[in-house]
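# Examining the three-dimensional arrangement
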Amino acid sequence: MNVFHSIRRLCFRLAWAALLLYAGTPSPVSAAALVYGADAEGGAPYIFPDPQNPEHLIGFEVDLAEALAREMGRSARHAQTDWDSLIPSLVRGDFDIALNGIEWTEARERKVALSRPYYIYSQQLVVRAGDPSIQSFADVSGKRVATLKGTAANDLLDETPGAQPVLYEGQVEPYRDLALGRVDAVLLDTPIAAYYARSQPGLRYAGKPLAPGKYVIAIRKGDTALLAGINAAIASLLDSGELHRIYARWGLWNEAQRGLENPAQAPAVSEKSAESLWFFLPLLARGAWVTLVLSLIAMSLAITLGLVLALMRRLGGPLLRPLAVGIIEFIRGTPLLLQLYIIYYGLPGIGIRLDAFTAAVLGLGINYAAYETEIYRASIDAVPHGQTDAALSLGMTPWLLYRRILIPQAVRTALPPMTNDFIALLKDSSLVSIITIVELTKSYNMLAVSSMRFLELGLLTAALYLLMSFPLSLLSSRLERRLAPS
Amino acid sequence: MIACLGIEKRFGEKTILNRIGFEVPRGEVVVVIGPSGSGKSSLLKCIGGLSPFDRGLVRIGETKIHGSLSPEGPPSAATLRELRLKAGMVFQQFHLFAHMTVLQNVIEAPMQVLGLTRKQAKRRAEQVLMKVSMGGLAGRYPASLSGGEQQRVAIARSLAMQPQCVLFDEPTSALDPETVGDVLGVMKELAREGMTMLVVTHEMSFAREAADRVLVLDAGALIETGTPEKIFRAPDHERTRAFLKRVLNH
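Below is a summary of the structure that appears in this document. (Residues numbered from 1 in each chain as written. Chains lettered and ligands numbered in written order. Predicted model: local features only at pLDDT ≥ 70, side-chain atom pairs only at ≥ 80, totals over all residues. Heavy atoms only, no water.)

## Concerning the overall build of chain A
If you tally the helices and strands in chain A, you get 17 helices and twelve strands. When the 486 residues of chain A are sorted by exposure, 53% land in the buried category. Taking all contacts inside chain A whose residues are at least 6 apart in sequence as the whole, residues at least 24 apart take part in 74%. When the accessible surface of chain A is summed, it comes to about 20,600 Å², and 62% of that surface belongs to carbon and sulfur atoms. (Helix = DSSP H or I, 4+ residues; strand = E, 2+ residues; numbered from the N terminus. Buried < 20%, exposed > 50% of the residue type's maximum accessible area, 1.4 Å probe, protein only. Contact = heavy atoms within 4.5 Å. Areas by Shrake-Rupley, 256 points an atom, 1.4 Å probe, with all protein chains shown as cover.)

Pasting the structure below:
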């Protein structure tokens, strides 16, 4: 329903995972609530944290989702998912519907079921007010034109000869870069232009909206009852005038919406927040908590698994040894991001469905285990060879030799690089936002984009990261001193 | 007690040990001398089961290990451990476990390998530490001890396993001159008590006073063996004479 709830739900799942390393929690889809997937990061005016009250998500699609759910006798609940991942997440069953400015395309129609349209959008070209060289879309040849990756505008630019598309992940950054002169124009959907550009002083619309298209709701193929219900609800909202009211409230009603009414006044939503910075702290702290818990569990896994791999490599027979080497090389030789994608989106293909938190812990833990193994190996090699001679001459088995003599001495050598790795892991954990986890960096992104306070919030977020990593450095140097033979 | 038969070890083209055979009867002290690089330490490591050899055999008590190229093949891990348990080893660089106190060094193997309780192991440790006059320093870490003190602890550590014999690999070569005497004293005391000992050393005084027999190694071969009296007074071999002349004139 809002970020607060989804984080709370996440924390609850965290606790589960932490206690049981529980794999494969049941899908969050419940019969009572209509769970809709949408990306609240940089999502205005569709869905975004309220600048006045960032714990609450607002947006015309939030209103729409609630109205739809009401029509269907259910409640609406939001599930945070990267826009890029909406369709795969829907398919793997993370939520009931994907409702987030999804344009009707033939390709999408092939993958999932699509509802009747709930909004007619167009593309609006926006340029700097002081730049006369672009008066309409006909002038974009040879110009750098910013847009969102994977959108209909992206496709349109790709098909326009001479245009140089510059692709972004978020919808705020294109307009910022336009104002900063990094690009010459922005081509984006009318709701986005209306929210971000219409009221911004240094920018102006260039030419009329073009290339109209339809926003639709995506539903899993085969979920025919839900599809029928959604379609009926949209029709009912249209008839009752509720849809009109919602769009009017957001300044999105226009002639194109079946030409029923004139567009209302410019959007009343301000993108500048006058809230004190401390107001955001609890929200960021929640993200930091997710980061910390995730990193701690992942690092514990990395330390243990790394040791297993190191011992396999050292003491294993002709089967275990090459296996360990193979695993280590595979993990070290491929990007963490790819590994996370494979674990989260790829494994369901062979019947292994992990919830996001377990997948994140596994991805980070396995990845870092490969590096810990190499640290162990180097640290064990650094123990003088005489220690091995002495232990063996006393009749110790290789297992005893490692457990009692080599590993305890190697720990001291290994501790500083391991602390390094843990701090690196703490920061790498921001990568798991791609599998829908809202951790510290993701929280920052969502809040900064909605409040436009990139710098202050960025520094606050950096302080939170330091607050987590600096005690680790202290702890490590203290441990090192304690482990040193007096 | 200790028997070597035709031990041969090569490293590529280089012969490290060339068909070495000798015996150390129970209770005897045998000293191995010879120029550096003559293979003394390699021989000791082969006998102690820490270094493989190609041909021949080593027997300690009833435990036999064969060279890895011999028809019998290399020893199993279990046989090797059995051999190592029978032969205590004392190293030139002591090799005390750096992360353990003196007491922990001494009780570690009796508890972990022999399965003694902590109490039994401590009682044993007190006895052997007393024997090497290190009883008062049981709580110290190796890094805070002098070389001589560390070597005496290393001797105690190997005695705590109650081996049938002890192999010493140049036990005083890494020591400051003033601490050499303490370590040699402990070794002579052990010899008087009847411990079977095989000692590689450059300390000719120890050989003269404590050895029952002296072996002379040169270029990987055993060139001469005899009582200390004979070796030091009237060696048969020209190379023995040359070696003794060099070391005794120092």
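## Things to note about the state of the cysteines
Going through the model one piece at a time under the given rule, you end up with zero disulfides over all chains. No disulfide involves C46 of chain B; its sulfur sits 8.9 Å from that of C4 of chain B, the nearest cysteine. (Disulfide = S-S within 2.5 Å.)

## Looking at the sheet that holds strand β4 (residues 55–60) of chain B
Residues and elements named next belong to chain B. The strand order across the open sheet built from four strands is β2-β1-β4-β5, with neighbouring strands paired in antiparallel fashion. Two strands lie at the open edges of the sheet, namely β2 (14–24) and β5 (63–66), each paired on one side alone. For this sheet, the mean inter-axis angle between neighbouring strands, taken without regard to orientation, is 20°. Two strands pair when backbone bridges link them, and strand β1 (residues 2–11) and β4 are joined in this way by five bridges, in the antiparallel orientation. Within β4, the residue paired with I2 across the bridge is I60. Helix α1 (residues 40–47) rests against β1, β2, β4 and β5 of the sheet, and its axis sits at about 60° to β2. Relative to the sheet, helix α2 (residues 77–86) contacts β4 and β5, its axis offset from that of β5 by approximately 125°. (Pairing = 2+ DSSP bridges. Axes fitted to C-alpha atoms, helices over the stretch in contact; angles between N-to-C directions.)

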